[in-house]
Amino acid sequence: MTDFVKTVYNVVWGAPALILILSVGIYLTCRTGFIQMRLFPPAVRCFFSKFRKEEKQEDGVSSYQALCTALAATVGTGNLAGVAGAIAIGGPGAIFWMWICGILGMVIKFAEATLAVRYRVKNQNGEFVGGPMYMIREGLPRGFAPLAGIYSFLGVVAAFGVGNATQINTLVASINDTLAVFGVAESRTGNVLMGLVLSVIIAAMLLGGARRIGQVAERLVPFAAGMYLLMGMLVLILRADAVPQAFAAIIQGAIHPQAVTGGMIGSAVVALRTGVSRGVFTNEAGMGTASIAHASAKVSHPVEQGLMGIMEVFLDTIVICTMTALVILCSGVEIPYGVDAGIRLTTSAFASVFGDWISILIAFALCLFAFATVLGWGLYGVRCAQYLLGDGVWKKFVFLQIAAVMIGAVLNTGTVWAISEIVNGLMAIPNLVVLGALTPELLRLIKQYTEQKGSSAAKGGKHEHFNQCQSLRAVSNAEVSPLRCSRQGERKEHLSPEHRTA
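Rules and cut-offs
- Residues numbered from 1 in each chain as written.
- Predicted model: local features only at pLDDT ≥ 70, side-chain atom pairs only at ≥ 80, totals over all residues.
- Heavy atoms only, no water.
- Helix = DSSP H or I, 4+ residues; strand = E, 2+ residues; numbered from the N terminus.
- Buried < 20%, exposed > 50% of the residue type's maximum accessible area, 1.4 Å probe, protein only.
- Contact = heavy atoms within 4.5 Å.
- Areas by Shrake-Rupley, 256 points an atom, 1.4 Å probe, with all protein chains shown as cover.
- Polar contact = N/O pair within 3.5 Å; in protein donor to acceptor, adjacent residues only side chain to side chain.
- Phe/Tyr/Trp six-rings, centres within 6.5 Å; stacked < 30°, edge-to-face > 60°.
- Lys NZ or Arg CZ within 6 Å of the ring centre and 35° of its normal.
- Disulfide = S-S within 2.5 Å.

*Asks:* Requested: an account of the overall build of the protein, with residues and values cited.
*Replies:* Helix and strand counts for the protein stand at 23 helices and 2 strands. A total of 502 residues make up the protein; the buried ones form 58% of that total. Long-range contacts, defined here as pairs at least 24 residues apart, represent 83% of the contacts in the protein between residues at least 6 apart. Accessible surface computed for the protein: about 19,800 Å², of which carbon and sulfur atoms make up 65%.

Quick look at the structure:
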């Protein structure tokens, strides 16, 4: 079974899948005119304005909370262990290709977040819900409806695996490693107790709904990321003389890896493939899952939340992953090229500067990231379950999540992790299909947003609210959305007041 799973994993996450994701990124970049670059400055300004000002929402979560929820599910072991493995397997040059993947991922996440808000609806509880399944149902002809069901089913399965059991297993292992420093040996009883405690905490968070998840995420994610980045910055300050050489190794390693790795990594193709695969793994661009969180944001225009999609990938890949890479390359620790070193290489890099005690803080950061991932994926899973089974499934889903927490705390989840990653990879297929099909609507929304911003500037900053049905009136026949206005009228009751027609 393990060999079979490994074979399927290599197929799903092999060259065809990675080429497909990158091709969609290149396609969207060209069609939108490098929108991730053109709108990056306003995205940064929008992010800091929302970071400084807490937004009170009555029928949704704030744009910043939606971003933090998406980051909660994205930032995790891939940023710490995945980057270390990328350097060990592909050399420092893998980080360069991870940057390229991040730049393309920015436009993909922009498209996912924008279209998720564009095609979202309101459920019976008055909450905004959206994501690839709603984009398929609301934006594409009815013949594509089965894809929405397939995506939702895969999302439920992935939520129990990669979004829960495997993360809890990593969290418990990190706690046990920390306790071992103080002479406390791992035991099954201890793992069960940790599982029970984590079950109670996670249940309390998930039962509070999307708003409570967003409230926890907006506090937990900045704290965990800020603590990790602070430790990284201290390393770079103490090893400032090695920073230029680290950047040089990254650039040179992308073209001539053997010159940097002493011949241990001799192929630029290996660096490219490793960097791209780890880049996709860490920012999840193309999976469509983050759009489920972004869809719940209360914003005046879909593109406004698309800006948060740009910032999500920038913070995850360009900032946090780069920090991990620079710490490893500047620390002077020996890199075991050709072996997936993982979290041990990252921990060794920090320990070479601060001492072995830093492993406690690294384990603590990993625990926070893993816990945040469970919350983020808990929202993704329940939204997918609600699409399939109705709004009333929330509490039942939470109780099943609690069972997954206990399983993850006491069992070896190696095979579960591989199966979950396979399912996660399969989710990209329907998501990429809908992104390609709805590109004309995305372009029309970008044009509408830029025109409204120009108009609002001329009117002294007054910005009109986005009208969802009016948006169907395309500028040209080439930009007409597949969704007819009559179908939009059928679901008019699901829209928020500012999205309804008069």
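Moving on from the model shown.
*Asks:* Requested: an account of the environment of Arg-118, with residues and values cited.
*Replies:* With respect to the element layout, Arg-118 can be found in helix α7 (residues 93–118). Given the relative accessible area of 0%, Arg-118 is considered buried. When the C-alpha atoms of Arg-118 and Tyr-134 are compared, they prove to be 9.8 Å apart, with 16 residues separating the residues in sequence. Of note is the side chain of Arg-118, whose polar atom sits 2.8 Å from the side chain of Glu-441.

*Asks:* So what about the packing of aromatic side chains? Which residues, and what values?
*Replies:* Geometrically, a pair of aromatic rings is defined through the distance of the ring centres and the angle of the planes. Enumeration according to the criterion identifies 11 aromatic pairs in this entry. Ring centres of Tyr-228 and Phe-369 lie 6.5 Å apart, and the angle between their planes is 75°; on these two criteria the pair is classed as edge-to-face. One end of the pair, Tyr-228, is in helix α11 (residues 209–238); the other, Phe-369, is in helix α18 (residues 358–389), with 141 residues separating them in the sequence. Taking the relative accessible area as the measure of exposure, Tyr-228 reaches 1% and is therefore buried. Following the ring pairs from residue to residue traces out a cluster consisting of Phe-47, Phe-48 and Tyr-64. Against the face of Tyr-119 rests Arg-118, its NZ or CZ located 4.3 Å from the ring centre. Over the ring of Phe-128 we find Lys-122, and its NZ or CZ is 5.2 Å from the ring centre.

*Asks:* Let's hear about unusual backbone geometry: which residues, and what values?
*Replies:* Look at Phe-34: it is not a glycine, yet its phi comes out positive at around 55°. Along the chain, Phe-34 turns up in the loop between α2 (15–31) and α3 (35–38).

*Asks:* So, the state of the cysteines: which residues are in play, and what are the values?
*Replies:* Counting across every chain of the model gives 0 disulfides. Cys-101 provides the cysteine sulfur closest to Cys-321, a residue in no disulfide bond, and the two sulfurs are 9.9 Å apart.

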